[in-house]
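Structural characterization, general
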Amino acid sequence: MNQKEDKLIIGGHEFHSRFILGSGKYDLELIRAAVEYAGAEIITLALRRVNTDEDNILDYIPDGITLLPNTSGARNADEAVRIARLAREAGCGDFVKVEVIRDSKYLLPDNYETVKATERLAEEGFIVMPYMYPDLNTARDLQSAGAAAVMPLGAPIGSNKGLCTKEFIQIMIDEIDLPVIVDAGIGRPSQACEAMEMGAAAVMANTAIATAGDIPAMAGAFRKAIEAGRAAYLAGMGRILSRGASASSPLTGFLGD
């Protein structure tokens, strides 16, 4: 497939970029770099940062960017649904990233409440992208509930530890018919590339870029890594031998044989 024809489709909407910016540590430089250097077309935002007296994140986001409000702060399905409705009323559109987190130490998502919130919001016409702990059964439940994509964590939020849950994410990629977007924990461009080589539909990152020494340069590195990983996946990865070796050049006829 020609990479120009390779599009990310979420809820019937087409995107060329497979990098999504999480805006937990947002500032003007980060958002500008994500758009200009990483090519981001989707940016998350928390409702508490919309229409505040002091600082409105919408003032930072360029026109043409798809807003992905999240339900950060929700501890159960009811709270997630209420936050999503408020975000839509505030003009953030129909996309929503469902986050339901009761665990304050490790910030792990509550999969059970996430499924309930997803079903209710999908029925109300939202394009739901739930953040989840990678589990195949939950992913299937989310698909049945109407999710437009699933967003399993690679590692705990903000840890930059990479693909700690790689094997479970791969199972989801192989078994469900939804875009699988690796969210949380990606700390290096090489890790983003690996996620894309696995067949992930996209990667979300924030801390890795926000805490880099050179934010624009790191944003550009993520873009190249994601594009390279996607290209490798589409090309078809080479074989892996279980044992032994295989010469890359024939040995027959060598030095008089």
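Figured I'd write up the structure that's included with this text. Worth saying up front: this structure is predicted, and the values here are computed from it rather than measured.

Residues Y106, L108 and Y133 make up a contiguous nonpolar surface patch of roughly 280 Å² in combined accessible area. Here Y133 shows up in the loop between β7 (127-132) and α4 (136-145).

Moving on: the packing of helix α6 (residues 189-198) against helix α8 (residues 215-235). In the contact formed by α6 and α8, the axes pass within 7 Å of each other and the chain directions differ by 25°. Classified by the interaxial angle, the pair formed by α6 and α8 is roughly parallel. Here the hand of the crossing between α6 and α8 comes out right-handed. Of the residues in α8, those touching α6 at P189, A192, C193, M196, E197 and M198 are M218, A221, F222, A225, I226, A228, G229, R230, A232 and Y233.

Most of β7 is tucked away, with six of its six residues classed as buried. Taking every second residue as pointing to the same face, both faces of β7 are buried, with I127, M129 and Y131 on one and V128, P130 and M132 on the other. With four bridges joining them, strand β6 (residues 95-98) and β7 adopt parallel strand pairing. Within β7, the residue paired with V98 across the bridge is P130. Between β6 and its parallel partner β7, the chain crosses via helix α3 (residues 111-123), and the hand of that crossover is right-handed. Between the parallel elements β7 and strand β8 (residues 151-152), the chain passes through α4 in a crossover that is right-handed.

Judged by nonpolar contacts, the single largest core of 45 residues is most densely connected at F19, V150 and F222. When residues no more than four places from it in sequence are discounted, the contact partners of F222 are F19, I186, G187, R188, P189, A192, A205, A208 and I209. In terms of nonpolar packing, the next biggest core, distinct from the first, is built from 16 residues, I42, A148, A149 and A201 among them.

What follows deals with the pairing of strand β10 (residues 202-205). Here β10 shows no split at all, with A202 and M204 on one side and V203 and A205 on the other all buried. Pairing of strand β3 (residues 19-21) with β10 involves three bridges; the strand directions are parallel. Among the inter-strand pairings, I20 is bridged to a residue of β10, identified as M204. Taken together, the three bridges between strand β9 (residues 181-183) and β10 define a ladder with parallel strand orientation. Pairing of I181 across the sheet is with A202, part of β10. In this fold, the crossover linking β9 to β10 by way of α6 has right-handed handedness.

A word on the side chain of D6. Looking at the element boundaries, D6 is found in the segment before β1 (8-10). A polar atom in the side chain of D6 sits 3.0 Å from the side chain of R18. Within polar-contact distance, the side chain of D6 engages the side chain of R230 at 2.8 Å.

The rules we used
- Residues numbered from 1 in each chain as written.
- Predicted model: local features only at pLDDT ≥ 70, side-chain atom pairs only at ≥ 80, totals over all residues.
- Heavy atoms only, no water.
- Patch = residues over 30% accessible without salt bridge, like charges linked within 9 Å, V, L, I, M, F, W, Y side chains within 5 Å.
- Areas by Shrake-Rupley, 256 points an atom, 1.4 Å probe, with all protein chains shown as cover.
- Salt bridge = Lys/Arg side-chain N within 4 Å of Asp/Glu carboxyl O.
- Helix = DSSP H or I, 4+ residues; strand = E, 2+ residues; numbered from the N terminus.
- Axes fitted to C-alpha atoms, helices over the stretch in contact; angles between N-to-C directions.
- Parallel < 35°, antiparallel > 145°, perpendicular 65-115°, else oblique.
- Left-handed = near helix turned anticlockwise from the far one by under 90°.
- Contact = heavy atoms within 4.5 Å.
- Buried < 20%, exposed > 50% of the residue type's maximum accessible area, 1.4 Å probe, protein only.
- Pairing = 2+ DSSP bridges.
- Right-handed = clockwise from strand over helix to strand, strands pointing away.
- Core = buried A, V, L, I, M, F, W, Y, C linked by side-chain atoms within 4.5 Å.
- Polar contact = N/O pair within 3.5 Å; in protein donor to acceptor, adjacent residues only side chain to side chain.

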